[in-house]
Every structure is written in structure tokens, then in C-alpha cells.
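Structure at a glance
Chain by chain, the residues run as shown.
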There are 2 protein chains.
Amino acid sequence: MQSVSVVSLQIVVWDKGSFQGRRHEFTAECYNIAALGFNNIGSFRVESGAWVGFEHLGFQGQQFVLERGEYPSWEAWSGSNAYRAERMVSFRPIACANHRDSKMTIYEQENFLGRKGELSDDYPSLPAMGWASNEVGSFRVHSGAWVCSQFPGYRGFQYVMECDCRAGAYKHFREWGSHAQTSQVQSIRRIQQ
Amino acid sequence: MQSVSVVSLQIVVWDKGSFQGRRHEFTAECYNIAALGFNNIGSFRVESGAWVGFEHLGFQGQQFVLERGEYPSWEAWSGSNAYRAERMVSFRPIACANHRDSKMTIYEQENFLGRKGELSDDYPSLPAMGWASNEVGSFRVHSGAWVCSQFPGYRGFQYVMECDCRAGAYKHFREWGSHAQTSQVQSIRRIQQ
């Protein structure tokens, strides 16, 4: 199958689950869904582009990678976090996502120190790919956008890393907003536009 | 990074979370963890091989793909299902998982009818890859083992499909044990040994 070559941006949001209630279409970022009179986002459909949703207004808190498809309920986009806030109130496009050209270097320690690994594919289990730890200390994104997950198989907290944010340099877990407050990362994949 | 070429099988299981309590090592399938006096599995570490865990004894109920890494709690392996049984009591190796040689054909309708797509890579969003539906009617696995997920980004219920089960032919959602009782599949990836 071929991926779509023209990148447009559209996400359709409802305030209730299962595509019910008030509805709004977006073609750009939403800083705070409350500005439209929505209490929360109950369901949505990503029509085009790749997006990242956030627990709090202003792109703060838990992160949720949103690629094309239908998301009828919280469970559909939340991953499997012990911490179930059940809120997503802001979102923005991931402009630099480029599935065919994504490159990243991972480092054993913070500040780009220690052993390193070069990534250009998807890694559902970093240990199975030869990475000797269940942590990654720092990241340098050379191209594209990536999502790192706490547990194998893309489970647990998600952290989006983009080549055009922070010049692609994520030196410490505080810089990628680790909710677990650790460097635990056991799966990494490219984000699909 | 190179994947490991010698396939061995080992999973270490604890009856409490965070690798606490009673501990047991397995190098083959476990039909029922209760036979060892465990009430449930609280945490585990996959040392080698790819495995699939099940909610019920005898490899029945919800499926959980388990690749190399550490899983300290239910959230680490469950995906993000609305249906939170919080039980995993049997598991078995996925012998035919082969990340480098995995091929599958997906069909729009059951019984291998309608439009089709040939897969040999990972697809976090089938719609973004050009598949025009949020459902897949039937699957034919030619090589390797795959995990299909209900929602984009490998979220929601998981269904394992293997070339050496049912001769790789999954004609209808009943044959892949769909918990959602639908053909909804929005992401598909190869399983990593």
C-alpha cells in the first residue's frame, strides 16, 4: 500500500463518546477545547495528518499520539496508563512526521553520553533489538517524528519527539515530559502522517 | 542494531506486582498458572522469545502480546481496553514470530473476498496507509506472526495471527477471537522474536 503524498490536516471532534453530541472540525491546533464550550473530548476521527493530544490546556500533561482512524472512547487513544485522567483538552498537528524518512540516535545516559543506537525503523521491543537496558537516557532526532513508550509493544505513557522541536535534542527525561519521572523507554516507533 | 539470531525461550513470572512475591521461570507454555499455586500473574520479565498471554486458563479470552522487556503491572501488558479483567493466567510462546520475514494478505470482506492489501511492514494506522475502511474482514498469514489492534497506534483489543495456526487462514472475526465482536482493526504489526 502507498501512503498518501499530499499532507492535509483535519480532525473531527465530538464532546460525547461514540461520535455523539456537539461536533467540531479542526484543520489546525486547538489550545483549549473549553473555548468552544466543550467540557472534554469524548470521541474523534483523524481524517488526515498526524496529531498529538494533551491532558491539559496549552499542550501540557499526558501525551497521546493520534494517527488516522476512528477513536470512539478514552480507551481508544489513552494507551494503558495506571493514571487514568480521562481528559484530553488540547491538541496540535505533528508537522514533521515523515514515516519514510525518520532517523534518531538514542543514548544510554543523559546529555548524549554512553552507548548509542541509530534508529530508522519501528522497535516494539528495544531489548529484542539488542539494546541492553530498559531505559534510554537521551535522544537526538535527526528527521521525522517518533513516539517512545514506557513498556514493550507501545504500551504505557507515550512521549512524542520531533526533529523540529528543541532542535530534536532531548537531553533528559524532564525534557520529554516523562510522566513516570524515569527514563524508562522499552519501545519506539516512527509516527505516521 | 541487530536482532538476536538464536531463539531461546524464557519468561520469569511473579505473583505480585513490581517483581515481588513468588517467582517462577518458564521455558515453555503454561496452561494454568494456578497449577503452581499462583492466583494471578502480578508482573513478569520476558528474557527471550515472543509470547502471548491469555485472560483465562487454556489459552482463552483476551490476548496480550508479550515481547522482550519488563512488565511491572497489569497496565504494562494490557493495552487500553475498556474491559479491565486484570487477569492473565496462561501463556505460550509464539514460535513462528519472525520480524525479518513476515507476510500477510488482508481482505475487505470475510472468506478472503473483496479488495485486498499485501503487508510486510508495520502499520500504526491502516487508513493512513491507504486502506479505505476501519475494518478487515479476513486475513491470510503467509509467514511470521502478527498482532492486529482495534484502534490506531496498536491500542485496544489485540489479536495474534500466526502462519502456523489454522494454516494462517483467519476467515471471520470469530476465528481470531474478537472481543469486540466486530471486524474493527485499525493497526497491524509484525511480532518481534
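Residues numbered from 1 in each chain as written. Chains lettered and ligands numbered in written order. Predicted model: local features only at pLDDT ≥ 70, side-chain atom pairs only at ≥ 80, totals over all residues. Heavy atoms only, no water.

Convention followed: UniProt positions are given in the numbering used here, feature names are shortened, and annotations may be inferred rather than shown by experiment.
The name an unreviewed UniProt entry gives chain A is Beta-crystallin A4, with Sphenodon punctatus as the organism. In the Subunit (unreviewed entry) part of its UniProt record, chain A is described as follows: "Homo/heterodimer, or complexes of higher-order. The structure of beta-crystallin oligomers seems to be stabilized through interactions between the N-terminal arms." Comment text from UniProt for chain A, heading Sequence similarities (unreviewed entry), reads "Belongs to the beta/gamma-crystallin family."

Brief notes about the environment of B:G153
Condition: Starting at the N terminus, helices and strands are each numbered in turn, a helix being any DSSP run of H or I of at least four residues and a strand any DSSP run of E of at least two. Remark: exposure states derive from per-residue accessible area (1.4 Å probe, protein chains only) relative to the maximum for the residue type, with buried under 20%, exposed over 50%, and partly exposed in between. Contacts are assigned to residue pairs with any non-hydrogen atoms lying within 4.5 Å of each other.
Looking at where B:G153 falls in the secondary structure, it is placed in the loop between β11 (145-151) and β12 (155-162). The exposure class of B:G153 is buried, given its relative accessible area of 1%. Counting along the chain gives 124 residues from B:G153 to B:E29, while the straight-line C-alpha distance between them is 28 Å. Non-local contacts of B:G153, meaning those with residues more than four positions away in its chain, are made with A:E67, A:R189, B:P124 and B:S187.

Let's talk about the UniProt feature "domain: Beta/gamma crystallin 'Greek key'" (unreviewed entry) in chain A
Residues and elements named next belong to chain A. Using the residue numbers shown here, the UniProt feature "domain: Beta/gamma crystallin 'Greek key'" (unreviewed entry) corresponds to residues 9-48, 49-95 and 102-143. End C-alpha to end C-alpha, residues 9-48 measures 5 Å, and it is 0% helix and 50% strand. For the annotated span residues 102-143, helix accounts for 0% and strand for 48% of the residues, and the straight-line distance between the end C-alpha atoms is 5 Å.

As for the interface of chain B and chain A
Note the following rule: Buried area adds together the accessible area that both of two parts lose upon being put together, with accessible area traced by a 1.4 Å probe. Every case where a carboxyl oxygen of Asp or Glu lies within 4 Å of a side-chain nitrogen of Lys or Arg is listed as a salt bridge. Pairing of N or O atoms within 3.5 Å defines a polar contact, subject to two protein rules: one partner must be a possible hydrogen donor and the other a possible acceptor, and residues neighboring in sequence count only if both atoms are side-chain atoms. Residue type decides the class: Asp, Glu, Lys and Arg count as charged, Ala, Val, Leu, Ile, Met, Phe, Trp, Tyr, Cys and Pro as nonpolar, and the leftover types, Gly among them, as polar.
Chain B puts 47 residues into the contact, and the matching count from chain A is 46 residues. Roughly 3,700 Å² of surface becomes buried between chain B and chain A when both sides are summed, with 54% attributable to carbon and sulfur atoms. For the pair chain B and chain A, the interface holds zero salt bridges. Across the chain B-chain A interface, the total number found is 14 residue pairs in polar contact (both at pLDDT 80 or more). Considering only residue class, the side of chain B that touches chain A consists of 20 nonpolar, 16 polar and eleven charged.

Thoughts on the sheet that holds strand β13 (residues 169-170) of chain B
Within a beta sheet, neighbouring strands are joined by backbone hydrogen bonds and run either parallel or antiparallel to one another. Residue and element names in this part refer to chain B. Here is the rule we go by: Strand pairing is defined by DSSP finding a minimum of two bridges between the two strands.
Strands sit in the order β9-β8-β10-β13 across an open sheet of four strands; the sheet is antiparallel. The sheet is open, and its two borders are formed by β9 (113-119) and β13, each paired with just one other strand. Bridge count between strand β8 (residues 103-109) and strand β10 (residues 138-143): five bridges; the pairing is antiparallel. Note that in β10 the partner of I106 across the bridge is F139.

Let's talk about the sheet that holds strand β3 (residues 43-48) of chain A
Residues and elements named next belong to chain A. Spelled out, the test is: The axes are straight lines fitted to the C-alpha atoms, using for helices just the contacting stretch, and the angles between their N-to-C directions are given from 0 to 180°.
Strand order in this open sheet of four strands is β2-β1-β3-β6, and the pairing throughout is antiparallel. Of all strands in the sheet, those with a lone pairing partner are β2 (20-26) and β6 (69-71), marking the two edges. Between one strand axis and the next, the sheet turns through 15° on average, direction left out of account. The pairing of β3 with β6 spans three bridges and is antiparallel. The residue of β6 that forms the bridge with V46 is G69.

A look at the packing of aromatic side chains
Note the cut-off: Note on aromatic pairs: the rings of Phe, Tyr and Trp (six-membered ring only in Trp) are paired at centre separations within 6.5 Å, and the planes decide the class, stacked below 30 degrees, edge-to-face beyond 60, tilted for the rest. Two conditions define a charge located above a ring, namely a distance within 6 Å from the ring centre to NZ of Lys or CZ of Arg, and an angle within 35 degrees of the ring normal.
Applying the stated criterion across every chain yields a total of 23 aromatic pairs over all chains. Centroid distance A:F44 to A:Y71: 4.5 Å. Interplanar angle 20°. Geometry classified as stacked. Highlighted residues: A:F44 in strand β3 and A:Y71 in strand β6, separated in sequence by 27 residues. Neither residue differs from the other here; A:F44 and A:Y71 are each classed as buried. Relative to A:W74, the ring of A:F64 has its centre 5.6 Å away and its plane inclined at 75°; by these criteria the two rings are edge-to-face. With a gap of ten residues between them, A:F64 in strand β5 (residues 60-66) and A:W74 in helix α1 (residues 74-77) connect regions that are remote in the sequence. Neither A:F64 nor A:W74 differs from the other in exposure class; each is buried. In this structure an aromatic cluster arises from ring pairing among A:F44, A:F64, A:Y71, A:W74 and A:W77. A:R140 extends its terminal NZ or CZ atom over the ring of A:F112, reaching a point 3.9 Å from the ring centre. The residue whose ring lies beneath B:R189 is B:Y154, and the NZ or CZ to ring-centre distance is 5.6 Å.

Thoughts on unusual backbone geometry
Phi at A:F19 takes a positive value of approximately 60°, unusual for a residue other than glycine. As for its placement among the helices and strands, A:F19 is situated in the loop between β1 (10-16) and β2. Non-glycine residue B:F59 carries a positive phi angle of around 65°.

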